[in-house]
Amino acid sequence: MAETSAAEGLLAFWHSYRLPLLLALATAIVLLRAYRKVQPKSKIATASSIPSSPRSHSPETSEKIASNHNEQKIEKASTTQVVEKEFVAEKVSAKPGPKRVTGKKPAKVAGRRRGSDQEPAVSFIQPIIFFASLTGNTERYAQVLLEDLRAAARDRADPENREQALLPPQIHDLSYVDFDDYFIAAPKPPSTSPGTRYVYCMLVPTYNIDTVLNTFLGHLDETHNDFRIDTAPLAGLAGYSVFGFGDKEGWPTEEEGFCSQAKELDRWMAKLTGKKRAYPLGFADVKSDPEAALKEWTSGLKDILGDIVDNGGLGEGVPGSGDALESDEEDLDDESDSKANGRKRNKAQSVVDLEDIKFSSETGSSAPVPVDFTTGGQQSAPATEKEMVPKTSPTYAALTKQGYTIVGSHSGVKICRWTKSALRGRGSCYKYSFYGIRSHLCMEATPSLSCSNKCIFCWRHGTNPVGTTWRWKVDDPELIFNGVKEGHYKKIKMMRGVPGVRAERFAEAMRIRHCALSLVGEPIFYPHINRFLDMLHSEHISSFLVCNAQHPDQLETLHRVTQLYVSIDASNRESLRKIDRPLHRDFWERFQRCLDILREKRHVQRTVFRLTLVKGFNVDDEVIGYADLVEKALPCFVEIKGVTYCGTSTSAGAGLTMQNVPFYEEVQQFVTSLNKELERRGLKYGIAAEHAHSCCALIASERFHVNGKWHSRIDYDRFFQLLEKEKADGTSFTPEDYMKETEEWAMWGNGGFDPNDERVYKKGSKKKAIQAAAEAQG
């Protein structure tokens, strides 16, 4: 009974007080958990005379903190010693090696920048040098800057401080880099060093012709105005600085165009980086010790790089910091910026290649609306038309010195060494062996001196203009046609007094029968190329047109020519970039489109792949790649020729020397290997002819192998008959309709030298061997 009453009493007590008891229990649990969480922090806080963020204190503050810490040691020796051991253990486990705190600059905390909770710490500064150069001078100055910054990195190296340093610089030619890799967003730091930041150091001259700089500035313009990209996509850089080269003799002031492209580059970089100009824009006059001016600018740049390493940033409101008040121009809205940029760009285009020579600009009347071959669209016409190669320009002087006759403002003509050789009965070029073109009857000309590539093996000495957009005055086709004929005949007449010129061949040469549109530049770049071709054909002058596979739209609309060449200088994207150095950003896609067009035209045009072999660039292990291209386009012929080294600064700057010129035996080996690969794939090709003197061989489609004999030559009279009939009644014809049998002496294995001519050996050993053989026979 007693037990029952006690249980009933407990039950009554629980029912009466259960709510307060449950609340008290819950409160106790919460307090216990909170205590456990807070307890470790409070222990560290009791000994936290060392700040949680050392970067927020100066060295003097650190010394005071260390002093207070020593006083606290006396008062709380036991507690502090325990906490000190825990703190030191944490530091040692995080990074091996001794760590000094007292009397030294506070260490940086990874993942934080001083005064900021968002940007990463600046522990390493990586300078990257970008340069643009056409003649090689700016590249040489870039190497000077490279060595100075390397020396600065060595001088600042501190073995005791491995958390911050100035790294040795990198260097890049703007002709080679993919702009998207460096100018869409700042480079990402390596995972092993997340605090690495980059500083762009940019050296540029100013040109009066379209170069990679125009393409590059256009890229920056597009990036800034692309709504899909952040307004300042390069804000992750630690900073940038630009140095320009110009010629004050031609343009005494900046307003007249001195270093205009450097100014425009500086302006775009300020926008894209969020005004992170590390050091002011520098200028140098190429006629007044430019290297000294560069050294002075470099000295200031090195000081700034050191400050960035030490302080973690450019600072605010100081000269060169990129403060918003530094430049009123940079505060304009986007619309005014675009207009201002348009004015600047038009102005820049009237400026010379100021890298090394003087130029006085000429202006004219309004120009036609230019077509941008990069996008296929049209741009607004510039305020004034300009000539591609004005008579007062250094380009004009350089080309005429090399033997060119400039016709109008953008065309040219020249006689080659094979024309001179044929006039003296010493042999014609490979075109006679392969196609029946006698060199003294051939005119080498171009309606466009401008090109969209800067090939490393080009023998034009880097003097012809380059560009992707036709922005110049357009000369009438009649003016060009009459001008190139007149220039060619004048040069032929100058050969009258040369010893060895044969009278009958001189008389024949006064009637042009063939035109090789391969002199310099890109013939289909000329807007009226089809009208020009019609004029050639109207006088029964055959047309051999060479293009560089970078203008598919123009190639597709090209009228019939006697033979259509496409330069195939590499079998893959990277090799093509290194060899041709194209200005188009989508150069590989354009190249592929041209191959597709060539395949479509193979039954209308005689199509030819022209392979220029450069040892060390496009020979080794590329047979398979070339076979892939042949299989894609199925050209009528494939010419394989060893590169001719011309010894220019452009070639040397690209790493091209005589070592890159293959021997004819090496060319023969490559031809044999390519032919075997084509046979293995079931493609019907064979080796048709050779010209050992030109280090050249011909692979032909079996379409031109009739009755057991090769027919690579052209029946020119038949071609013009068929062409006139096509114009009269629309009757189409194919390349097989005007083919002609290849001469026996031109066949593969026979050397390819016309027996009616006399081969002259100029090299001593070969010459002596020939003379000895002749004496032995006599």
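Scoring rules and cut-offs
Residues numbered from 1 in each chain as written. Predicted model: local features only at pLDDT ≥ 70, side-chain atom pairs only at ≥ 80, totals over all residues. Heavy atoms only, no water. UniProt positions renumbered as here; feature names shortened; annotations may be inferred. Helix = DSSP H or I, 4+ residues; strand = E, 2+ residues; numbered from the N terminus. Contact = heavy atoms within 4.5 Å. pLDDT = per-residue confidence, 0-100. Pairing = 2+ DSSP bridges. Axes fitted to C-alpha atoms, helices over the stretch in contact; angles between N-to-C directions. Salt bridge = Lys/Arg side-chain N within 4 Å of Asp/Glu carboxyl O. Buried < 20%, exposed > 50% of the residue type's maximum accessible area, 1.4 Å probe, protein only. Polar contact = N/O pair within 3.5 Å; in protein donor to acceptor, adjacent residues only side chain to side chain. Patch = residues over 30% accessible without salt bridge, like charges linked within 9 Å, V, L, I, M, F, W, Y side chains within 5 Å. Areas by Shrake-Rupley, 256 points an atom, 1.4 Å probe, with all protein chains shown as cover. Right-handed = clockwise from strand over helix to strand, strands pointing away.

Labelled according to an unreviewed UniProt entry, the protein chain appears under the name S-adenosyl-L-methionine-dependent tRNA 4-demethylwyosine synthase, originating from Aspergillus carbonarius. Of the comments in the UniProt record for the protein chain, the one headed Pathway (unreviewed entry) reads "tRNA modification; wybutosine-tRNA(Phe) biosynthesis." According to the UniProt record, the Catalytic activity (unreviewed entry) comment for the protein chain is "N(1)-methylguanosine(37) in tRNA(Phe) + pyruvate + S-adenosyl-L-methionine = 4-demethylwyosine(37) in tRNA(Phe) + 5'-deoxyadenosine + L-methionine + CO2 + H2O".

Asker: Can you lay out the side chain of S439 for me, pointing to particular residues and giving the numbers?
Answerer: Checked against the element boundaries, S439 lands in the loop between α12 (430-435) and β9 (442-446). Setting aside anything within four residues of it in sequence, one finds S439 in contact with W418, T419, A422, S428 and C429.

Asker: An account of the confidence of the model for the protein chain is needed here, citing residue identities and associated values.
Answerer: On average, residues of the protein chain score 78 in pLDDT, and 74% of them are at 70 or above. Across the protein chain, strand β19 (residues 713-714) holds the top mean pLDDT of 97, while helix α3 (residues 77-94) sits lowest at 41. Contacts for the low-pLDDT stretch residues 40-120, under 50 throughout, to residues beyond four places or in other chains number 69 contacts.

Asker: Give me the lowdown on the UniProt feature "transmembrane region" (unreviewed entry) in the protein chain, citing residues and values where you can.
Answerer: Under the feature "transmembrane region" (unreviewed entry), the UniProt entry names residues 17-35. Structurally, residues 17-35 comprises 100% helix and 0% strand, and the distance from its first C-alpha atom to its last is 27 Å.

Asker: So, the sheet that holds strand β13 (residues 607-613): which residues are in play, and what are the values?
Answerer: Consider a sheet: its strands pair through backbone hydrogen bonds, and that pairing is either parallel or antiparallel. Sheet architecture is open: 10 strands sit in the order β7-β8-β9-β10-β11-β12-β13-β14-β16-β15, paired in mixed fashion. Both edges of this open sheet fall to β7 (405-407) and β15 (685-691), since each of them pairs with a single strand only. Pairwise comparison of adjacent strand axes, ignoring direction, gives a mean angle of 25° for this sheet. As judged from the four bridges shared by strand β12 (residues 563-567) and β13, these two strands associate in the parallel manner. Directly across from V566, in β13, lies its bridge partner F609. Across the sheet, helix α13 (residues 477-493) touches β7, β8 (411-414) and β9, and the angle it forms with β8 is around 25°.

Asker: I'd like a rundown of the pairing of β8, residues and numbers included.
Answerer: Bridge count for β7 against β8 is three bridges, and the pairing is antiparallel. Across the sheet, residue V407 finds its bridge partner in β8, namely S411. Counted along the chain from β7 to the antiparallel partner β8, the turn is three residues long, and its residue G408 has a positive phi close to 60°. Sheet analysis places β8 next to β9, joined by three bridges and oriented antiparallel. The partner of K414 across the bridge, within β9, is E444.

Asker: Account for the pattern of salt bridges, with residues named and values stated.
Answerer: Between side chains of opposite charge, a pair can form when the charged atoms approach closely. Scanning all chains against the criterion turns up 31 salt bridges. D148 serves as the salt-bridge partner of K295, at 3.1 Å between the closest nitrogen and oxygen. Of the two residues, K295 sits in helix α8 (residues 290-311) while D148 sits in helix α4 (residues 137-156), which places them 147 residues apart along the sequence. You can call K295 partly exposed: its relative accessible area is 38%. A salt bridge links E478 to R531; the shortest N-O distance between them is 3.4 Å. In this pair, E478 sits in helix α13 while R531 sits in helix α15 (residues 529-538), placing the two residues 53 residues apart along the sequence. Accessibility expressed as a relative area gives 34% for E478, which makes it partly exposed.

Asker: Describe the side chain of N548, listing the residues and the values that go with them.
Answerer: Examined against the element boundaries, N548 turns out to sit in the loop between β11 (542-547) and α16 (552-556). Within polar-contact distance, the side chain of N548 engages the side chain of E522 at 3.0 Å. Within the local environment of N548, its side chain forms a polar contact with the backbone nitrogen of Q550, the two atoms lying 3.2 Å apart. Leaving out residues up to four positions away in the same chain, N548 has contacts with C451, S452, N453, E522 and S567.

Asker: So what's going on with a nonpolar patch on the surface? Which residues, and what values?
Answerer: Nonpolar side chains collect at one region of the surface, where L11, F13, W14, Y17, L21 and L22 lie side by side and expose about 620 Å² of accessible area between them. Relative to the helices and strands, L22 is located in helix α1 (residues 2-46). Judged by relative accessible area, L22 falls into the partly exposed class, the value being 48%.

Asker: I'd like a description of the pairing of strand β4 (residues 196-205), backed by residues and values.
Answerer: Burial analysis of β4 places 10 of its 10 residues in the buried class, the great majority of the element. Every second residue of β4 is oriented toward a common face, with T196, Y198, Y200, M202 and V204 on one face and R197, V199, C201, L203 and P205 on the other, all of them buried. Read from β4 through helix α6 (residues 212-225) to strand β5 (residues 239-246), the crossover connection turns out right-handed.

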